[in-house]
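An overview of the molecular structure
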Amino acid sequence: MSTLLLLSLTPLLAGFPQAPEASAEPPLVTLLAEEIEYSMQELAAEDGTKPYYLSYSVTDTVSATIQARLGALYADSERRERLLDLDLRVGDYQLDSTHPIRGGGGFGGGFPAGGGAAIALDDDPDAIRFALWQATGAAFDAAYERFRQVEANQKTMVEEEHQAADFSREHPVSFFEDEIALQIDAGVWSERVRRVSALAKKYPLIYGSSVSVAGTAENRLLASSEGSRLRTGRKLLRVVLSASTRGEDGMELEQSYIFNAASEDRLPTEQEMAAAFQGVIDQVLALRQAPVVEPYTGPAILLNRASGVFFHEIFGHRIEGHRQKDVSEGQTFTNMVGQAVLPAFLSVVDDPTLASFRGEDLRGFYRFDDEGIPARRVELIRDGILQTFLMSRSPLPGFDRSNGHGRREPGRPAVSRQGNLMVESTRAVPFEELRRMLIEECRKQQKPYGFLFEDISGGFTSTSRGGPQAFKVLPIVVRRIWADGRPDELVRGVDIVGTPLSCFSKILCTGDDPAVFNGTCGAESGWVPVTATSPSILVEEIEIERRERSQERLPILPSPIAPEQA
Amino acid sequence: MLPILLLLLPQAPAQPDDPVIRALSDELQRTMTLRLDGADPPYYTRYNVDDTDFRRAEASFGGVVDTTRGRSRTLSADVRAGSYELDSSNAATGASGFGGGRGGGRSSFGGGGTALPVQDDYDAIRHAVWLASDAAYKRSVEALAEKLANQPKEEAEPRPASFTPAEPVASLLPLARLGIADADWERRVEDLAAVSSLLNRHPDVVDGSVSLSAAARNRYLVSSEGARLRHGTVLIELRLAASVETPERTRLSQSLRYLALSLEELPSRAELETDFAELVATLATTAAAPRLDGYTGPVLFDGPAAAQLFEALLARGIAAQPVDPGGERRRFAGGENLERLAGKRLLPAGFRIRDDPTAATFAGTPLAGHYAFDDEGVSPRAVDLVTDGILKTMLCSRTPTAAFSGSTGHGRGGGGSVRATLGNLFIEHEDGLGDAALHQALRDAAADAGLEYGLRISALAPGMAGLSSGVSARDLRALFQQRSRGREMSALGDPLQVTKVYVDDGREEPVRGLEFDTVSVTALRDIQAAGKTPAIWNQATGTPYAIITPAILLEELDLYGIEETPPTGSDLPAPHARGR
């Protein structure tokens, strides 16, 4: 076991300020383990049914936000909470109480109870034992009841398409990191965000603006009936600068810039913040002047970070293991392992063990997933060929082990999720060359222009079988690149739409400029921090449509803040 | 008592040096000039700012589980198009002039307000007020147009006006400050943890907590009529709560609350321990009591139960609510509107009901429903609602109804959702009986009905009526648990603490497992007797209010046994019951 851990930790040691050191087992982990032992022994229904698996995880989160607008402090909040999640299963690894109930619609009998109970902030053993007991009893009752429904359902329905087990068998792990604490100096940061935010006072057309610093320090403890015992820490810090306005036509225009950091000393300086805020303001005001473009189909470049978001949405969500199992899912890739799904010059990995990339901290970094499984680098696509899926402890036929991607927000059951998704290319050219290729492609297709998507705010994708297998990506900075050599032109009001398989097949080439997009991804198991890293990509054909427009008008009166005041 | 400086607005208003008031007043001048297309400028604008500084801590089973502190400032802009006679408010579509602009950012506390800076920054406040007013004005123009379009050509009855003018008041009271030293707070939090550890010693307890919250709330109000107000309160609430389970695994929860104006006024640790032990013991007795299948006969409501009965039957209905044009009168839980009973008998002769928000305390206890000004800038007055059992009038906001017009200073609920709401509701009977006499009256009534015993109910579980003021998360869970077992949530919560009082010798035996048949406000006419010792029911969350009432003997009520099926599953003993 220790070999495996060392392997996965090696890449971090260089880039990470405090190399994780094995500490002694924290008393709370011992207590969790004791209670698991007790419950596994004593917990039984009248008919003798007992749980076969029980794990407790306690997530202790301290979060703080300091926000200012126009030179004045808004909310300044700090919060600490400890949430208990438990996974209690009745049945066995092959068929258990979490098995989907068919014909019941959606989640069938519902998820087992017991997620997200608040527990004592100090390690008071009585208070914590009590909370564990209370949640465990309720979860057992629910799991017991649900397993009876599962068994009944098995008898009445036709044989399932997939015969994979409900829970994978894994080796127990034991690892304890030092406890981490949030150390944002409220006094210093209040003044800093206040001062930077005052910059917006000079701009009467900036209707909304905000400068904030936010941080969370999360200490997570886990124990399971299989013998795993963990304590891991994660710190996520952000400085967010944003500004918004409206176009003369009422279109809402918003820009933001985010600094991500994994420790306080890596947060930006006031000068860096001011420069970024100025950039955001300039950009959003420039967008106000930009023309709205018509629907279009033709060649385009997605700049590296934008391409990262694109891959996260369009590709990443479709290789999450649990979607291959759920019959309500579209299962774009379920039966495509060993087949080409991307051009042969592209490979994609998801590597949560990477803490930083080219000097940038990665939000998708973790050592153990939320089911206590060591994070692993997973090669999803090699030379265009689909290799495997992102796996939690919910196996698929032919993939019976987790690869450390079972993730969740505290309070929800874990499913397979992305960590650090990285797109790698063997057909990579300098950006200028990629731009030249775009113009060439325009000429070839007899298009007067192509598009450069510089920044994408996010997107959504439908993976369900009922809906179309389509996606929409919301770009915020888009430039028109003219084939006749006219200067590039900033435009607004467009969304990218398409279907994944046809879109992937049209990627022609990439840049040699991989860059990091750090974000937060929301899905069934809640919000989890993620990263997507990609070079710029040139796509032969992309479809854009006009963005739905707000009917709201500009403010009737000018800003009450006189520009000369600022 | 707080010193109240009341200045009727003179010709030249005193120049307030409060930056919040100044920013609101200055931006209000501009808002009154707003014009959109052909529409007129607003005829009325009011800004409410709610500034809350709070701390909260909760302990359970000997450990602190939550500590929170926070500060927030929220603006509501009420911008009205039209005229007092007919304006944009209360439109059928629900689109009204309230709220804030997107640019200003929504408050995290919900309720449609706009977040303001917590610093007294004139420019930043004005900027947020500007955008909120702009959005509110645009919505009001739209709402008025829709209202006019939907108006029937001829109306059967004359429509009440939309809004009544009010005398503007200028009064800047000193800011309320939390003023709690960290050390004092920490000491109190230690007390919470210590008191909560009592739960560990009781094997029947399945849940419970001791929580403390302290809030300094300052309210600002500026209106185009000339009102300039600033007033604040500090309220501290300590709550003891415990739950036990019956053999059928039904959860019985009860809480005890203490309201104070300072930490020092709260009971000591020893007093809390005594009260908590008693609460838990009473619950345990109830849980172990035999079930009763049903009952029809006289019921004595005493302790908090009497106030809970009035809360469920009167709290909403005694406040006059306008009818939405084109819509039906909204029916709230416990909110049968009593307007149709105006001038008629509501209770037996001898009863008097008065609402008096100007009362700060009663028998030395602070009253949650005390306030200096309502959210429409009107100073409240005591209102005699029921005289000799007859409903004389109702509590009014500045929105008239068919029968009532003119504010009584009861327009409350935060700037964005003002409605007539009770303050301190005093219920009295001129011939109230002493405890012993009331007990005897119950026995007599039971004997009269040919029964072996009568019922005394001393506490109810929270019902829907409590939702109006915001019940705690724990109470909500209990309510939903009740519903998830296939039962309707009624305005009146289930009886929690019930005893049989035997006719022959007056002995009492606890029972459990009962629920009320539908109880409507007409049941109040059958009150047979009332006590004379009033109990105080303070509701400090949401829009605070208090109900002060003696015990009440109802001539006849129907109660049914709750059907329960014990859940299957485990019976793992609680950690504190393992005998380790």
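Residues numbered from 1 in each chain as written. Chains lettered and ligands numbered in written order. Predicted model: local features only at pLDDT ≥ 70, side-chain atom pairs only at ≥ 80, totals over all residues. Heavy atoms only, no water.

**What about the overall build of chain A?**
Rules: Secondary structure elements are defined from DSSP: runs of H or I of at least 4 residues count as helices, runs of E of at least 2 residues count as strands, and each element is numbered from the N terminus. Partly exposed residues are those whose accessible area sits between 20% and 50% of the maximum for their type, while under 20% is buried and over 50% is exposed, using a 1.4 Å probe and protein chains only. Throughout, a residue-residue contact means that at least one pair of heavy atoms, one from each residue, lies within 4.5 Å. In this description, accessible areas are obtained by the Shrake-Rupley approach with a 1.4 Å probe, and a residue is regarded as covered only by the protein chains that are shown.
Scanning chain A from terminus to terminus reveals 9 helices and 25 strands. Looking at chain A residue by residue over its 566 residues, the buried ones come to 57%. For chain A, long-range pairs separated by at least 24 residues make up 78% of all intrachain contacts whose partners lie at least 6 apart in sequence. When the accessible surface of chain A is split by element, carbon and sulfur atoms take 51% of a total near 22,500 Å².

**What about the environment of Leu395(B)?**
All names here are of chain B. Note on placement: Leu395 falls in the loop between strand E14 (390–391) and strand E15 (411–412). Along the primary structure Leu395 and Ile318 are separated by 77 residues, whereas in three dimensions their C-alpha atoms are 6.4 Å apart. Excluding residues that lie within four positions of it along the chain, Leu395 makes contacts with Ile318, Ala319, Ala320, Asp355, Val383, Leu385, Thr408, His410, Ala420, Thr421 and Leu422.

**Considering the interface of chain A and chain B**
Formally: Accessible area that two parts lose when put together, with a 1.4 Å probe and added across both, is what the buried area reports. A carboxyl oxygen of Asp or Glu within 4 Å of a side-chain nitrogen of Lys or Arg is what we treat as a salt bridge. Pairs of N or O atoms are called polar contacts if they sit within 3.5 Å, as long as, within protein, a hydrogen donor faces a hydrogen acceptor (for residues adjacent in sequence, only side-chain-to-side-chain pairs). Polar here means any residue outside two lists: the nonpolar Ala, Val, Leu, Ile, Met, Phe, Trp, Tyr, Cys and Pro, and the charged Asp, Glu, Lys and Arg; Gly therefore counts as polar. Paired strands, as defined in this entry, are two strands with at least two bridges between them according to DSSP.
Each side of the interface is counted separately: chain A has 49 residues, and chain B has 53 residues. Across the chain A to chain B interface the summed buried area is about 4,300 Å²; carbon plus sulfur atoms make up 55%. In this assembly, chain A and chain B are joined by 2 salt bridges. The interface formed by chain A and chain B contains 12 residue pairs in polar contact (both at pLDDT 80 or more). Counting only elements with at least two residues in the side of chain A that touches chain B, the list comes to helix H2 (27–42), strand E2 (72–90) and helix H3 (125–156) of chain A. When residues of the side of chain A that touches chain B are assigned to their parent elements, the largest contribution, 12 residues, is made by H3(A). The residue inventory of the side of chain A that touches chain B, partitioned by class, reads 26 nonpolar, 7 polar and 16 charged. As paired strands, E2(A) and strand E3 (residues 63–80) of chain B are joined by 2 bridges and run antiparallel to one another. Considered in E3(B), the bridge of Glu78(A) is made with Arg69(B).

**A short note on unusual backbone geometry**
The phi torsion at Gln446(A) lies on the positive side, around 55°, for a residue other than glycine. Checked against the element boundaries, Gln446(A) lands in the loop between helix H8 (431–444) and strand E18 (449–461). A residue is classified by how much of its surface remains accessible, and Gln446(A), at 72% relative accessible area, is exposed. Of note in the backbone geometry, Phe61(B) takes a positive phi value of approximately 50° without being a glycine.

**Things to note about helix H5 (residues 270–289) of chain A**
All names here are of chain A. Inclusion rule: Multiply 1.5 Å by the residue count of a helix minus one, and that product is the helix's expected span.
Spanning 20 residues, H5 covers 29 Å between terminal C-alpha atoms, matching the ideal 28 Å at 1.5 Å per step. When H5 is considered as a whole, its buried residues turn out to be Met273, Ala276, Phe277, Val280, Ile281, Gln283, Val284, Leu285, Leu287 and Arg288. Contacts made by the buried residues of H5 are with helix H4 (186–197), strand E5 (208–224), strand E6 (229–246), strand E7 (252–261), strand E19 (471–482) and strand E20 (489–491).

**Some words on the sheet that holds strand E24 (residues 545–549) of chain B**
Residue and element names in this part refer to chain B. Threshold: Axes here mean lines fitted to C-alpha atoms, for a helix over just the part in contact, with angles spanning 0 to 180 degrees between N-to-C directions.
Taken together, the 6 strands give an open sheet; going across it, the order is E14-E13-E10-E17-E24-E23, and neighbouring strands pair in mixed fashion. Taken across any chain shown, the strands that pair with only one partner, and hence form the sheet edges, are E14 and strand E23 (535–539). Of the pairings in the sheet, the one linking strand E17 (residues 424–429) to E24 comprises 3 bridges and is parallel in character. Looking across to E24, one finds that Leu425 is bridged to Ile547. Set on the sheet, helix H5 (residues 304–314) makes contact with strand E10 (351–355), E17, E23 and E24; between it and E24 the angle comes to about 120°.

**Some words on the confidence of the model for chain A**
Residues and elements named next belong to chain A. Stated formally: For every residue, the predictor assigns a confidence score, pLDDT, that lies between 0 and 100.
Looking at chain A, pLDDT values average 88 and 91% of them are 70 or higher. Counting interchain partners and residues more than four positions distant, the pLDDT-below-50 stretch residues 1–20 has 27 contacts. Taken together, the stretch residues 105–114 has pLDDT below 50 and engages in 16 contacts with residues farther than four places along the chain or on a different chain.

**A closer look at the sheet that holds strand E23 (residues 515–523) of chain A**
Residues and elements named next belong to chain A. Taken in spatial order, the 6 strands make up an open sheet running E13-E12-E9-E16-E24-E23, and their pairing is mixed. Across the chains shown, the open sheet's two edge strands, defined by having one partner strand only, are strand E13 (385–386) and E23. Relative to strand E24 (residues 526–534), helix H6 (residues 304–314) is tilted by about 130°, and along the sheet it contacts strand E9 (346–350), strand E16 (420–425), E23 and E24.

**Topic: the packing of aromatic side chains**
All names here are of chain A. Formally: Geometry of aromatic contacts follows a simple scheme: Phe, Tyr and Trp rings, the Trp one being its six-membered ring, pair when their centres are within 6.5 Å, and the pair is stacked under 30 degrees between planes, edge-to-face over 60, tilted otherwise.
What the rule picks out here adds up to 28 aromatic pairs over all chains. Seen from their ring centres, Tyr52 and Tyr93 are 5.0 Å apart, and the 65° between their planes marks the pair as edge-to-face. One end of the pair, Tyr52, is in strand E1 (residues 51–69); the other, Tyr93, is in the loop between E2 and strand E3 (117–118), with 41 residues separating them in the sequence. Side by side, Tyr52 and Tyr93 carry an identical accessibility label, which is buried. On the numbers, 6.0 Å between centres and 40° between planes, the contact of Phe451 with Phe453 is tilted. Judged by relative accessible area, which is 0%, Phe451 ranks as buried. Of the residues examined, Phe453 reaches a relative accessible area of 0% and is grouped as buried.

**Structural notes on the pattern of salt bridges**
The full count for this structure, using the stated rule, is 73 salt bridges over all chains. One salt bridge in this structure joins Arg129(A) and Glu35(A), with 2.7 Å as the shortest N-O distance. Here the residue Arg129(A) occupies a position in helix H3, and Glu35(A) occupies one in helix H2, the gap between them amounting to 94 residues. The burial state of Arg129(A) is the same as that of Glu35(A); both residues are buried. Arg553(A) serves as the salt-bridge partner of Asp37(B), at 2.8 Å between the closest nitrogen and oxygen. With Asp37(B) in the loop between helix H1 (19–31) and strand E2 (44–60) and Arg553(A) in the segment after strand E25 (537–546), the pair connects residues from two separate chains. Under the relative-accessibility criterion, Asp37(B) is labelled exposed at 62%. A residue is classified by how much of its surface remains accessible, and Arg553(A), at 42% relative accessible area, is partly exposed. Here the salt bridges share partners, and the residues they tie into one network are Arg352(B), Arg354(B), Asp356(B), Asp384(B) and Glu428(B).

**Regarding a negative patch on the surface**
Residues and elements named next belong to chain B. Here is the rule we go by: Patch definition: residues with relative accessible area over 30% and no salt bridge; like charges joined within 9 Å; nonpolar side chains (Val, Leu, Ile, Met, Phe, Trp, Tyr) joined within 5 Å. Asp and Glu are treated as the negative residues and Lys and Arg as the positive ones, with His and the ends of the chain left uncounted. A charged residue contributes its charge at one atom only: NZ of Lys, CZ of Arg, CG of Asp or CD of Glu.
A cluster of acidic residues, Asp444, Asp448, Asp526, Glu555 and Glu556, forms a negative patch at the surface. Those elements giving two or more residues to the negative patch turn out to be helix H6 (435–448) and strand E25 (552–561). Structurally, Asp448 is set in helix H6. Residue Asp448 is classed as exposed on the basis of its relative accessible area of 69%.

**Examining the packing of H2(A) against H3(A)**
Geometrically, a packed helix pair is captured by the angle between its two axes and the distance between the axes. Residue and element names in this part refer to chain A. Applicable threshold: The labels follow the angle: roughly parallel below 35 degrees, roughly antiparallel above 145, roughly perpendicular from 65 to 115, and oblique for the rest. Two helices cross in a left-handed way if the nearer one is turned anticlockwise from the farther one by less than a right angle. They cross in a right-handed way if the turn is clockwise.
Direction vectors running N to C along H2 and H3 enclose 40°, while the axes themselves pass 11 Å from each other. One way to sum up the angle between H2 and H3 is to call them oblique. Taken as a pair, H2 and H3 cross one another with a handedness that is right-handed. Contacts between H2 and H3 involve Leu28, Leu31, Leu32, Glu34, Glu35 and Ser39 from the former and Pro125, Ile128, Arg129, Leu132 and Thr136 from the latter. Here the residues of the contact of H2 with H3 are counted per class, giving 6 nonpolar, 2 polar and 3 charged.

**Observations regarding the environment of Ser425(A)**
Residues and elements named next belong to chain A. Take Ser425: it is sitting in strand E16. Excluding residues within four positions of it along the chain, Ser425 makes contact with Phe345, Leu346, Thr510 and Pro535. At a separation of 3.1 Å, a polar atom in the side chain of Ser425 contacts the main-chain amide nitrogen of Arg427. Separated by 2.7 Å, the side chains of Ser425 and Thr510 make a polar contact.

**Focus: the nonpolar core**
Under the convention used in this document: Throughout this description, the term nonpolar core refers to a set of buried Ala, Val, Leu, Ile, Met, Phe, Trp, Tyr and Cys residues connected via side-chain atoms within 4.5 Å.
Counting residues in each nonpolar core, the largest one holds 77 residues, and the members touching the most others are Leu88(A), Leu238(B), Leu240(B) and Phe276(B). In terms of residue count, the dominant contributor to this core is H3(A) (13 residues). Non-local contacts of Leu240(B), meaning those with residues more than four positions away in its chain, are made with Val195(B), Ser209(B), Val210(B), Gln254(B), Ser255(B), Leu256(B), Tyr258(B), Leu272(B), Asp275(B), Phe276(B) and Leu279(B). Listed in part, the 57 residues of the second largest apolar core include Val299(B), Ala305(B), Phe310(B) and Val519(B).

**Overview of the packing of H1(B) against helix H2 (residues 122–150) of chain B**
Residues and elements named next belong to chain B. Between H1 and H2, the shortest axis-to-axis distance is 9 Å and the interhelical angle comes to 35°. Seen from above, H1 lies across H2 with right-handed handedness. For the pair H1 and H2, contact is made by Pro19, Val20, Arg22, Ala23, Leu24, Asp26, Glu27, Arg30 and Thr31 and by Tyr122, Ile125, Arg126, Val129, Trp130 and Ser133, respectively. When grouped by side-chain class, the residues that make up the contact of H1 with H2 number 8 nonpolar, 2 polar and 5 charged.

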